[in-house]
Each structure stands twice: as structure tokens, then as C-alpha cells.
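Structural description and commentary
For reference, the chains in residue letters:
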Amino acid sequence: MIKKAILPVAGLGTRFLPASKSIPKEMVTVVDRPAIEYVVKEAVAAGIEQIILVTHSSKGAIENYFDHNSELDSVLRNKKSFDLLDEINNIIPSHISVISVRQPQPLGLGHAVLCAKDIIGNDAFAVLLPDVLVKDHSDQNDLSLMINRFNQVQAAQIMVEAVLDHLVDQYGIVDVAKMPDEGQSILMQGIVEKPSVGTAPSNLSVVGRYILPAKIMQLLEQTPRGAGNEIQLTDAIAMLQKTEQVEAYRMKGQTFDCGSKIGYLKAVLHYGLAHPKLGAEFKAMIQALDV
Ligand code: G1P
């Protein structure tokens, strides 16, 4: 059973400056809650019970968000704002634990994952990159489908989606014998981090959702610096794939890259329109725009 998920949140969010100058980019609001809440809820919906934040000294606001705030509690209680009180105390179910470890140096995603080695122990685990929001396709949580597949075949699962050919140099790209259908896993023959345009083995990009065996930690310890002079998770997965079956899972849902400004705006539009209380009014507002 996959119960642990690593969320690397130590990155300083330079793509999102100036907003991320003094607040973590993961705390930037998408409609009425910080982006990180959507990612944590995605993990919880897939059965994750332990959220492991790999974080940085400047990012305490993330831990505070998932912690209890007694002062706010008593203010809301005195104001008899019981609905709000209920909401802030139930951001995540009580059986979910949120723990954090520090990434002492910015040595890359692979290094961030390795920082959680002792907490992972011998368990297989999920990794969710919090820049990317994944919106379910008609209530089907892609991460749950990946976990189901992992439980069936015990092969690592890498979530992928098709991207335009000229964008392949922004992502990890997988090599597969044929294009899988959405919702299908297929044996991965290779994976490469940010290949230059024209050299990529496919246009299937790594979304930032992974189900990995504990063994990846030993491989990360041996992974030399790669693209961008960083220790890349992609390179450790490429090593894993030499000795074990690794599958690419083609997602059904939709992604929003909230690490980029335009991706963030797109997320606000989509999540705003889907919001149970604000959606209808927001839609009318957009329709009334004279642009
Ligand atoms: C990371 C991964 C990359 C993946 C991407 C998804 O890159 O290394 O394989 O495709 O996230 O967002 P980063 O965006 O951190 O450079």
C-alpha cells in the first residue's frame, strides 16, 4: 500500500517573482486556497496518509497552513463563525500527518527526494511536484489509478501527458514503444531530462507525479549531477529502469503549471469556474467581459 508522499517544496520559485519574493510560491492563492492545498488533497484522495514536505527555512508558511492555529480558532469561536472554524480545522482529515524535512542545499529534485530517505524506509511512495495542479477527469483521480496499477504489477509508475513538440525541452520525456491511451500504463524503455527539441524520444512529458519503490533512494545516492548541474530524479529513474520494469502512465485529467504565471492564470480560470459557490457568478463575469 502506498501511504507516503513526498512533496518537494524547497524551490524558491524564481519563475513566479515578484509574488514569491516573501511568500512561498506554493502559498499563492488559486481562487480561495493556496495551491499546495489542491496537491495535498489530490494525494489524500488517492489514499496517502503521510505528507512529507521537503522544505526550506523560508517556507514555514506551508507548515503553518496545515497546523492548528489556536488564536484564529478562538477569534472565530468568539465571533460564532462556526462554518469558517470548521473549514480551517478540516483542511485535511485528522488521520493525515504532515511532516517536514529540510533540503539544506538546492541540488535538484533528485536530491530533494533523497532528503526524505529516512522517513521512507523500505516503503514504496508517491512524489507529487506542487507546481503542477492535476484536475481530475470526471472524478477519476489519476494518482489513485497509478497506485492501483502499482499494486497490481509492482512496477514504478511515471505520470505523463502529451505536449507540443517544441516544448519537450522543458520536461522529462519518456521513451515508449507506442502511444498509450489515456488511463493506460505502458512499459517505459527510457527517460531523459529536458532533451533538446528534435532529439526527444517522444512528446510524452513527465507531469510530476511518480510512484516509486524505496530502492530509488539508493540509486539517487549514486546519481551524478545531470541537466542544469542538478541531481535529477529522472536520471535515477533511468537507472532503475535498467534493472526493473518502470511504466509510463498516461493521465486522463488536466494539468496546470502554477509555477509559471500564465499556467497560474489558467488554473485560476478553471478552478474559479468549477468552484461550487463562486463558479456561476465568475462565469457570468467572464461572459460580460468586453474583450
Ligand atoms: C521537473 C522534472 C521534470 C518534469 C517537470 C514537471 O522539472 O525534473 O522531469 O517534467 O518537473 O513539471 P522542473 O520543472 O523542476 O525543472
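Residues numbered from 1 in each chain as written. Predicted model: local features only at pLDDT ≥ 70, side-chain atom pairs only at ≥ 80, totals over all residues. Heavy atoms only, no water.

Here we look at the environment of lysine 266
Mapped onto the fold, lysine 266 is located in helix H10 (residues 261-274). In the structure, lysine 266 is positioned 10 residues away from phenylalanine 256 in sequence and 7.0 Å away in space, judged by C-alpha atoms. With residues near it in sequence (within four places) discarded, lysine 266 still touches Gln254 and Phe256. (Helix = DSSP H or I, 4+ residues; strand = E, 2+ residues; numbered from the N terminus. Contact = heavy atoms within 4.5 Å.)

What about the packing of aromatic side chains?
Inspection of every chain in the model, using the stated rule, returns 4 aromatic pairs. Aromatic side chains phenylalanine 16 and tyrosine 264 sit 5.3 Å apart centroid to centroid with 80° between the ring planes, which places their arrangement in the edge-to-face category. Of this pair, phenylalanine 16 sits in the loop between strand S1 (4-8) and strand S2 (29-30) while tyrosine 264 sits in helix H10; the two residues are 248 residues apart in sequence, bridging distant segments of the chain. Like tyrosine 264, phenylalanine 16 is buried. Between tyrosine 65 and phenylalanine 66 the ring centres are 5.3 Å apart and the planes differ by 85°, which places this aromatic pair in the edge-to-face class. Given the relative accessible area of 14%, phenylalanine 66 is considered buried. An aromatic cluster is built from Tyr38, Phe256 and Tyr271, whose rings are joined through pairwise contacts. (Phe/Tyr/Trp six-rings, centres within 6.5 Å; stacked < 30°, edge-to-face > 60°. Buried < 20%, exposed > 50% of the residue type's maximum accessible area, 1.4 Å probe, protein only.)

Remarks on the site of the ligand
As a structural note, the neighbourhood of the ligand is formed by Leu109, Leu129, Val132, Tyr171, Gly172, Glu193, Lys194, Val206, Val207, Gln232 and Thr234. A distance of 2.9 Å separates an oxygen atom of the ligand from a polar backbone atom of glycine 172. Between the ligand and the protein, one listed contact pairs an oxygen atom with a side-chain N or O atom of lysine 194 at 2.6 Å. Each residue belonging to the shell around the ligand can be placed in one class, and the counts come to 6 nonpolar, 3 polar and 2 charged. (Near = heavy atom within 4 Å. Polar contact = N/O pair within 3.5 Å; in protein donor to acceptor, adjacent residues only side chain to side chain. Nonpolar A, V, L, I, M, F, W, Y, C, P; charged D, E, K, R; others polar.)

Details of the packing of helix H3 (residues 70-78) against helix H4 (residues 82-89)
Look at H3 against H4: their axes get within 8 Å of each other, and the N-to-C directions meet at 155°. If you check the angle between H3 and H4, you find them roughly antiparallel. Helix-helix and strand crossings are classified by hand; for H3 and H4 the assignment is left-handed. Counting all contacts with H3, which are made through Leu72, Asp73, Leu76 and Arg77, the residues of H4 involved are Phe82, Leu84, Leu85, Ile88 and Asn89. Its residues assigned to classes, the contact of H3 with H4 shows 6 nonpolar, 1 polar and 2 charged. (Axes fitted to C-alpha atoms, helices over the stretch in contact; angles between N-to-C directions. Parallel < 35°, antiparallel > 145°, perpendicular 65-115°, else oblique. Left-handed = near helix turned anticlockwise from the far one by under 90°.)

Points about the pairing of strand S10 (residues 185-193)
Two faces belong to every sheet, and in a regular strand the side chains alternate between them. Bridge analysis of strand S9 (residues 172-176) against S10 gives 5 bridges, and the strand direction is antiparallel. What sits directly across from aspartate 175, in S10, is glycine 190. Where S10 and strand S12 (residues 246-250) come together, 3 bridges link them in antiparallel fashion. Residue leucine 187 lies in a different strand from S12, and its bridge partner there is glutamate 247. (Pairing = 2+ DSSP bridges.)

Treat this as a map of the structure, not an account of what it does.
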